[in-house]
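What follows is each chain in one-letter form.
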Amino acid sequence: MLSNIGMPGLILILIIALVIFGPNRLPELGKAVGRTLKEFKSATKEIIDDQPMKSE
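Now for a description of the structure that goes with this document. (Residues numbered from 1 in each chain as written. Predicted model: local features only at pLDDT ≥ 70, side-chain atom pairs only at ≥ 80, totals over all residues. Heavy atoms only, no water.)

### Observations regarding the overall build of the protein chain
Secondary structure assignment for the protein chain yields 2 helices and 0 strands. With 56 residues in all, the protein chain has 4% of them scored as buried. Summed over all atoms, the accessible surface of the protein chain reaches about 5,600 Å², with 67% contributed by carbon and sulfur. (Helix = DSSP H or I, 4+ residues; strand = E, 2+ residues; numbered from the N terminus. Buried < 20%, exposed > 50% of the residue type's maximum accessible area, 1.4 Å probe, protein only. Areas by Shrake-Rupley, 256 points an atom, 1.4 Å probe, with all protein chains shown as cover.)

This is the structure we're talking about:
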């Protein structure tokens, strides 16, 4: 899904975010997104680790 955005699309999204949230809030939003992704990755790893291995 995100592979189709490309560099111009990414720059446009960042400019829109800068206009909407302002330069002072962007670092806070970046940290929040980073923490959320880290927690999501950790939770999915725990779920995968908890599943029993299939016997073939």
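### Thoughts on a nonpolar patch on the surface
The grouping of Ile5, Met7, Leu10, Ile11, Ile13, Leu14, Ile15 and Val19 at the surface amounts to a nonpolar patch, some 760 Å² of accessible area in total. Position of Val19 relative to the elements: it lies in helix α1 (residues 6–21). (Patch = residues over 30% accessible without salt bridge, like charges linked within 9 Å, V, L, I, M, F, W, Y side chains within 5 Å. Salt bridge = Lys/Arg side-chain N within 4 Å of Asp/Glu carboxyl O.)

Purely spatial values, then, with no claim about function.
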